[in-house]
Structure formats: structure tokens, C-alpha cells
Amino acid sequence: MNDQNLVQEFLLESHENLEQLDRDLVALEAAPGDRDLLDRIFRTVHTLKGSCGFFGFARLAALSHHGEGLLSRLREGTVAAGPAVTSALLALGDAVRAVLGDIRAGGAEGERDHTALLATLTALTERGQRTEDRGQKEEGTATDGLSSVLCPLSSGLGDGLEGSLRVDVGRLDRLMNLVGELVLARNQLLQFTAARSDPAFLGTAQRLNQITTELQEGIMKTRMQPISTLWNKLPRVARDLARACGKQVEIDLAGADTELDKAIIETIKGPLAHLVRNAIDHGIEAPELRTARGKPAAGWLSLRAYHEGGLVHLEVGDDGGGIDVERVRRKALALGLIAPEEAAALDEGGLLGLIFLPGLSTAESVSNVSGRGVGMDVVKTNIEKLGGTVEVQSRPGRGTTFHVQIPLTLAIIPALIVTCAGDRYAVPQASLLELVRLEGEQARRGVEPMHGGDVYRLRDKLLPLVYLDRQLQAPSPQPLSPEGRGVGGEGGLCSGLARCAVPALSRGARGPAPFPRQGEKSHQDEAQADDGQWVIPESDFSPRPGEVTAGAGVPPGRPGPSRLAPAGSKAGEGRRPDVQIVVLQAGDRQFGLVVDGTQDTEEIVVKPLGRHLKGVPLFAGATILGDGQVVLILDVLGLARSAGVVADASGRTLAERAQQARQRGSARPVLLLAADGRRLAVPLESVARLEELPAAAAERAGRREVTQYRGRILPLVRFGAAPAGGALAQMVVCGEPGRQVGLVVDRILDVTEAPADADPATREEGTLGAAVIGGQVTELLDVPALARAAGGRD
Amino acid sequence: MAARRRFCTFWLGELYYGVDVLRVQEIIGHQELTRVPLAPPEVRGLINLRGRIVTALDLRRRLGLGAAPDGLRPKGVVVRTDDGVVSLLADEIGDVLEVEESAFERPPETLAGEMRELIQGAYKLPGQLLLVLDPDEVLEVPAAAARPHAGRGAARGGAECGA
């Protein structure tokens, strides 16, 4: 991907947007009061402006900025929509189109004269302005100069992709659809094989099966791209933006190799840019203000991407001033976006949610960067188009974090297929810890009731149990209505293949568990010792290539082996012969999901649910299994929330959640340090850099020892005595950005894994306690506490 | 020359309906459905339409008609919407019909509440009324039951904020 391609994409996209703009403008003339239409027009122009700024097309940015100004008036109702306004806006569209043509032809914006058009737009805008506060307009235009510094693209992006080929995404989509049809045809063919015995035919069918599977996977993978393709530009964008706003920003990217479907990357490009712009323009304070508030002058902007629970998670966090919910409330009231009684009823979370309403902006001034009140609703709309969600968490003075979750639309994830009330559901394997099966007497004794919920003692820890059938309010096993499966249809035919799909249970099976979650391995042996339990390590369920899609699956409606109990029977009463518990990780908690049975694992393709099912909780999407049947994918976190296993996460900032995860999390990588005979460990995730610290570099500020680090003052915490005679000490820069601390130690030993829990009895100030790591007692440092103590402020 | 419109037609019991043919992507036979717990009752389930997951709406329920007779295997009228296609389940599928605009009449005042929005009007065919459905209104299914933990500080799914 290079500049030229990006520009081509921009041109293509803009042309489409302009067509939409034309249609909408004409429609608006017919229905001047249509708010939705007006919002859409506004968004289109705003998007255009953003893209132009992004590419440094100052002329286009100026045009769209003027258009946006006029549209703002329309939205406020200070200018009425009429033929003159529509004509001017249409002329704007034409002018933009002409400039786009110039760009296409010559790569530059050309020399067209737009003064007359700009004057018209300004005149129309001011017609409403006269009655308004004059000051605002000046702010609106004073920042026009910004566009020129906005983000000319860094060149050379993605050079050196030798041996790669650009393919039209539409072509891939068509291929994908064809493959989908091929899969279905294959499945039907395989059903015929059950009735045949001709070895040549069976061999050919098997071969076709294999090829189809590989083709399907291959096509899907061609669509995946690392998010770094998007992020590569961000540091530069952030820098230029920060400079334009007179701010300092440090940008921190994590998870750049997280792969997303190409289509998703395209769609989140805009929203992500908005969030970054917002964070820098509104979130992070000016350096003087930051210093006055006791923060480092440079703000911190963090972007994280990771896969969890079958979703792509994107977080954009800053350590700026946070969102003033009272101001949001006042603004929303003033603009008439909510009624006073609504405003009064909203809690903090609800008020934060208001920022996603169209038209709401808390920025005092309007700039080219942000502050028009569009943006957040565009962000939300675009993300929801993908079937995703966006949440905001903010603490006044501490910062704001936006958490975006997007289904991996076309990404392939492994999932365990479970049955409940006659239906099959997919559980993303990323959330799966282990499977526990209680049989007979075990089932009766193992599940113990507590007030309001059953628990199971998993290795002497109480595991809350969540019954899937109750959560889904499954009324009855799948009725054999005309709609029912197993009555004719495809489902009934594949029963011949059912047996091979039932997973082989092995009693206390051993073996390396290639599970990414650390610390599980050590549990396997204990699990075996547990009396009478069937613990199935994940490895037994690993998908076997070529076998997974071999018509895998129990015929729908007849979920698996005889152990299926009727739904609704209460496990605690011992009527259910066996209890199948799927132990899941939801956020920082674990819970046991009680299902009727488990089947195989499959590599599934996550697809979003249609809009009619958007509001339905507990599902992360749907997928099509190898046998062509649609199954729903369970949203593990949603289940946990719905069942009350995890508290609502809103209101907690990224840093707090990270801290909590650090405190409660399971085994995690740590950096081992040695100082003055002590062995210390720091969570690797909190480590920013390792530096050498010459003795002379340590200075004093008051009673504190500090050093100059990247133009800032970094407080030091020294473990052990200062080395003699100018020797080099090792410094570990760690902590939350904005509240970092330098740990001065003698030596850096190793990176290893530490158990989750330190012994609290050994806890001292600045440590979480001691633990045995690598056979030696090691103190686990509490980095936030150290940073607080060293920084002397909160 | 009198204006003519073309409709894709289908039956629900004795009633004969039509949807503008331009909105219909295709007609599909009976498909195996995956039911969706907690979904609005109008949502009959999900089907696999050549590798795409499509929501199937129970038109009978949407239009306030009784349950289909036993043994009936509904067909799907797949209509295009702004965000993907949706399958409307009908008892039987009729022909694509071209009708004279002059035979059209607005629904009578006696048509109850919401039905007036769903049904744009009727074409008076010989011996049969063709009821014209507004696909967009039909697809405006009331939202599912509120999330168990609604009111989070988040905008999740629908237009929840500000509510």
C-alpha cells in the first residue's frame, strides 16, 4: 500500500460520498425539516473534510470546512434550508468533484478559483450568524490554517511488499461467496457418500472435501491484514495534530500485529482517526495546564488492539482531562437533545453515553480538527455497522478511554460447539479454560447450592455456575414443529456422520495443553487426581485439519450422546445424570457454564447479527458450521454480566482495569531484577524501557532522586546502594505513562513467569508480597504504588 | 398510458400480499432455521443463504395473524434493506404480478393501528385483494427485551443512550 493507492481509495470513496451528498441535498430541499437527512449530509461533508485534512489537500479542506459551517447553521436552525442554500451546497459538491478530478489527473489540487463560492457560503452562513455571538465565527475561521499542517502522509508505507499482488476486494468477496456455495454443495455430496460404497467415488469425495476446506480457509485468510497497516500512520498524525494544537503527545501502540479483516480495517479507519483526533484535541490538556495539574507535560495516547472472546478489541486511551459529565448534561439539555427529566435520571455512565448523540460536542471552540459535534455519532454509527460496540470510560482529570469491540466478521476463530435445549452454540475457545464433566454421584454431590446460585468446587476454589438454558430462557428442547430440525431437511440426513463427530472423552487425559493461557498446564496433573472427574484438556479438542468440516456435527435437534438431560431440570436436585461444565474466563473472573453437552471444536467464521437482533444480549454473532447450519456464538462476557458474575465495567478506566488485572490475573511474565542481594520482579507489561543509568545522571530534586529522561523529570526508586565510582546502574522505566518511575537496580536477570498470587503476609510497602519464582524468593514490586510514592502525588 | 407496478406476491392463509418487486432479491424454498433465544418474537430465526446469515422474520406474527397450520413449510421472500437482506416467511409464493395503478386504493379507516403503517393499500384484483406491504415498516420490528444490564455507560447496539 502506498500513498498513491491511498489517494486512489480516497478519490473513489469521495466520489461515492458526493453522489450520496447530491441525492441527500435534493431530498433535503423537498423535506427541509428532516433531521436525519441533515445529520447525514453533515456527516458526509465532515468525513470529506477529515479525509482532505488527512491527505493535506488544503483547498478541499477549506471548501468542505465552509460547507460544514453552513450546515452547522442549518442544524442549529439559525439558517433555514432553502433553494439558495441547496444550490450553494450543490455547487460546493461540484467544486469538490472538479478538484478531485484534478487530483486524479495530475496528483495535485490544481489552481481553480473558488473565492466566489466560498464567499457565497460565508454569506449564507453569516445570514444566520448576525443574530449570533460574533465571537464564535472568528474562532471557526481562525483555525483554518490547521488544515495545511494536518498530516501529509508519510511516504514509503508498505514498500518492499515484493511478491504481493493487489486484488480488488470485490473480487475476493465474489470468490468468498462462491466458496460458500461450494461448501454447501460439498456438504450435500458428502451426505450421498453415506449411501455409497464405491471406493473410487468415496475417495474422490474425500479429496473434494479436503480441497474445499483448504480453499475456504485460504480465501478467508487473504482478507486479513494486521492493524499496523492502519496504525503506521498514527504516530505522524498524532505528532502533527499535537503540534497544531500546541500540545505534546507520546503515543503508545500495542498489538500492532492483531489481524483484522480488510473490510473492518477500512471501516474503522475513520472512527479510529476521530478518536485519536478527539483525544489530542479535547482530551489531552495543554502542557502548561498539565504541569499545573501535576502531570507530565507530554500527554499519553495509548492504542491497544487484541483479540478476545471472538472479538477484536480496540482501545484508545488518553491521560487527559477526562469528560466533564456535567457539561455534557448541560449541553445536551441546551441543545434539546434530551428532556430535563431524562437528564436528571441519567447516571454518570448514561451521561457519558450522550456524547454519542449527533450534534453534541463539548468543545468550546470549533476547529478544523474537531468540535462540531459530529464525530462521535459517526464513530458509533460506523462501528455498529460492523456489529460492534463502543464504550467510553472517563475520569475527570485522569483521562478517557474508548473501548471498541468489533466482531471479527470474517476472521476465523476456533470455537467449542456446545448444546443446550436442543440447539447448538459456539463458545469462542479464547475464553475457554477447561471442561469438567460430573457423572452420576459426582453430579449430585459436586454442585452445591448457595444463596441465589450454585457453585462447584474446582480445585478447592468456588466456581460460580451459570446455567445456559436459564440464561437463554430456553423454553423447551427444540420443538419438532414443522420448523423443527431433524424432520427432513438437511439436518436429518447427516446422521450417518454423527458418530465421528462426538469428541472422544479421555479420562483425566494428560498431554501438553497448547493453550495460550498460562498456568493451566500446572493444573492438569491436579485435575487428574480429582476423584471421578472428567477433565478434558483443550488439546483433545484441537481441531484436526481435514476432519473438522467433514460434515462434522451431530444432527441438529438430536444433540449428541445419551447423556443429554432435558432442559430445565435443576442440577442441584440431582435429577440430571451428568453435569457438563465449561469453565470460562470472562474479564478477570472465571465461571462455569453448565450446558447439556459439548461437541467438537470447529474453526468458525464470525458473522454479525442483523439489526433485528442487535439488542439481543448474550450473542457475539453467528456462524455457519461445516454442515451448513447456522449457530449462534455466545458472548462470554455478556453471559457473565447477565448472570452477574462480573460487575459492570463502566466507570473504570483502562489503567484501573489493567491494574486490577495485574492484581488478580493469573501467571504473567515478569522481569527479574537483582539489587543489593534482593531478587525483585516487575510485571513485564508495566515495563516501558530498560536503560543504563550513569551515576552522574541521577540528580536530586528536593528529597527525591530524579533523572532527566526524554526531556522530562523521571523520579527514581533506588534498590540498594548507589554503585561506587561512576559505575553504571540499570534503570527500569516502568509504570503507567504519565506516572512513570525509574527503578534503579544492580542487574537485570531474566524474563520469566510469576505465579498470580504473592503471599500477602510478606507484603511491604511498594511490593505485592513475595513469591517463589524460579526456586527463589522474589519480591513482586507494586509499580503503581512505587510510582505514586516516588512521584509524591496522585 | 396508465402507470403499472410489479409486485412479488405471496399468501398468508387466505390473504394475498405483494411487495414491490424491486425490493425483492429472490424467493427461497423452505430453509432450516436456527432459533434465537431472547430475540423479539417476530424473529423466527437465522438461515444460511449461500454462506450469508440472514434473519428470517415471521410475517404471520408481524401482521398479527395466527400461527401457521401444522405441517406448513414456509417459503422466504428475501428483501433488500439498507443493512443486508432479510427473509420474510410466507405460507405460499405467488407470481410476479403487474397491476394497474388505477386499481389501487388506500387502506380503509377501519384498519387497526399499526396495520395502517404496514399495509400501504390494496389493489382490487378480480376476486381478490392484493395487499401491498411496506417492507421498511414490516422490518421495523419492536426491539428485543431490554438487556438484562441495560443502562451501562455505553452505547451498545441500539439507540439506547438518552433513553
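Since this is a predicted model, take the numbers as computed values, not measurements.

Participant: Summarise the sheet that holds strand E6 (residues 75–81) of chain B; cite the residues concerned and give the values.
Facilitator: All names here are of chain B. As summarised here, the arrangement of the five strands in space is E3-E6-E7-E5-E4, forming an open sheet in which the pairing is mixed. Looking at strand neighbours, the two that pair on one side only are strand E3 (24–28) and strand E4 (43–49), the edges of this open sheet. Neighbouring strand axes in the sheet, compared pairwise and without regard to direction, differ in orientation by 30° on average. Of the strand pairs in this sheet, E3 and E6 are connected by four bridges, and their pairing is antiparallel. Bridging from a neighbouring strand, Ile-28 pairs with Gly-76 of E6.

Participant: Now, about the environment of Leu-182 of chain A: what can you tell me, with residues and values included?
Facilitator: All names here are of chain A. If you trace the backbone, Leu-182 turns up in helix H8 (residues 169–193). Taking the C-alpha atoms as reference points, Leu-182 and Leu-215, 33 residues apart in sequence, are found 9.7 Å from one another. Once residues within four sequence positions are removed from consideration, Leu-182 is found in contact with Thr-212 and Leu-215.

Participant: Describe helix H25 (residues 783–791) of chain A, naming the residues involved and giving the relevant values.
Facilitator: Burial analysis of H25 of chain A places seven of its nine residues in the buried class, which makes it a mostly covered element. Those residues of H25 of chain A that sit buried are Val-783, Pro-784, Ala-785, Leu-786, Ala-787, Ala-790 and Gly-791 of chain A.

Participant: Can you lay out the nonpolar core for me, pointing to particular residues and giving the numbers?
Facilitator: Of all hydrophobic cores here, the largest spans 59 residues; its most connected members are Leu-468, Phe-591 and Leu-593 of chain A. With residues near it in sequence (within four places) discarded, Leu-468 of chain A still touches Val-418, Cys-420, Tyr-425, Leu-593, Val-594, Val-595, Leu-634 and Leu-639 of chain A.

Participant: Which residues make up the confidence of the model for chain B, and what values do they have?
Facilitator: Averaged over chain B, the pLDDT score is 80; the fraction of residues at 70 or greater is 86%. On the interface metric, ipTM, the complex scores 0.80, and its pTM is 0.44.

Participant: Go over unusual backbone geometry, please, and point to the residues and values.
Facilitator: Most peptide bonds adopt trans geometry, and most residues besides glycine take a negative phi value. Phi is positive for Ala-421 of chain A, which is not a glycine, with a value near 50°. Mapped onto the secondary structure, Ala-421 of chain A falls in the loop between strand E8 (412–420) and strand E9 (423–428). At Leu-38 of chain B, a position not held by glycine, the phi torsion is positive, near 70°. Turning to its location among the elements, Leu-38 of chain B is positioned in the loop between E3 and E4.

Participant: Can you break down the pairing of strand E29 (residues 767–773) of chain A residue by residue, with the values?
Facilitator: Residue and element names in this part refer to chain A. Counting buried positions along E29 gives six out of seven residues, so the element sits mostly inside the fold. When E29 meets strand E30 (residues 776–781), the two strands line up antiparallel, connected through six bridges. The partner of Ile-773 across the bridge, within E30, is Gln-776. Between E29 and E30, which pair antiparallel one after the other, the connecting turn spans two residues, and Gly-774 there sits at a positive phi close to 60°.

Participant: Go over the pattern of salt bridges with me, naming the residues and quoting the values.
Facilitator: Summed over all chains, the structure comprises 27 salt bridges over all chains. A salt bridge links Arg-35 of chain B to Asp-423 of chain A, with the nearest nitrogen and oxygen atoms 2.4 Å apart. In this pair, Arg-35 of chain B is assigned in the loop between E3 and E4 and Asp-423 of chain A in strand E9, connecting two distinct chains. Among the ionic pairs, Asp-58 of chain B bridges to Arg-44 of chain B, the shortest N-O distance being 3.2 Å. Taken together, the residues Asp-58 of chain B in strand E5 (residues 52–58) and Arg-44 of chain B in strand E4 connect sequence positions 14 residues apart. Residue Asp-58 of chain B is classed as buried on the basis of its relative accessible area of 13%. Salt bridges linked by common partners bring Glu-285, Arg-290, Arg-293, Lys-295 and Asp-319 of chain A together as one network.

Participant: Let's hear about the confidence of the model for chain A: which residues, and what values?
Facilitator: Residues and elements named next belong to chain A. This prediction gives chain A a mean pLDDT of 71; 72% of its residues lie at or above 70. Looking at the elements of chain A, mean pLDDT is at its lowest for helix H21 (residues 498–501), recorded as 27, and at its highest for strand E19 (residues 630–634), recorded as 91. A low-confidence stretch, residues 648–665 (pLDDT under 50), is modelled with 39 contacts involving residues beyond four sequence positions or located in other chains.

Participant: Quick one: what's the story with the packing of aromatic side chains, residue by residue and with numbers?
Facilitator: Counted according to the given criterion, the structure contains five aromatic pairs over all chains. Consider the rings of Tyr-425 of chain A and Phe-619 of chain A, whose centres lie 6.3 Å apart with planes at 5°: the pair is stacked. Of this pair, Tyr-425 of chain A sits in strand E9 while Phe-619 of chain A sits in strand E18 (residues 619–624), and the two are 194 residues apart along the sequence. By relative accessible area, Tyr-425 of chain A is classed as buried at 1%. Taking relative accessible area as the criterion, Phe-619 of chain A reaches 8% and is therefore assigned buried. Considering the side-chain rings of Trp-11 of chain B and Tyr-16 of chain B, the 4.5 Å spacing of their centres and the 25° angle between planes classify their relative orientation as stacked. The buried category is assigned to Tyr-16 of chain B, whose relative accessible area is 7%. Residue placement shows Arg-196 of chain A over the ring face of Phe-201 of chain A; its charged tip is 5.2 Å from the ring centre. Directly above the ring of Tyr-467 of chain A sits Arg-470 of chain A, whose terminal nitrogen or CZ lies 4.0 Å from the centroid.

Conventions used here
- Residues numbered from 1 in each chain as written.
- Chains lettered and ligands numbered in written order.
- Predicted model: local features only at pLDDT ≥ 70, side-chain atom pairs only at ≥ 80, totals over all residues.
- Heavy atoms only, no water.
- Pairing = 2+ DSSP bridges.
- Helix = DSSP H or I, 4+ residues; strand = E, 2+ residues; numbered from the N terminus.
- Axes fitted to C-alpha atoms, helices over the stretch in contact; angles between N-to-C directions.
- Contact = heavy atoms within 4.5 Å.
- Buried < 20%, exposed > 50% of the residue type's maximum accessible area, 1.4 Å probe, protein only.
- Core = buried A, V, L, I, M, F, W, Y, C linked by side-chain atoms within 4.5 Å.
- pLDDT = per-residue confidence, 0-100.
- Salt bridge = Lys/Arg side-chain N within 4 Å of Asp/Glu carboxyl O.
- Phe/Tyr/Trp six-rings, centres within 6.5 Å; stacked < 30°, edge-to-face > 60°.
- Lys NZ or Arg CZ within 6 Å of the ring centre and 35° of its normal.

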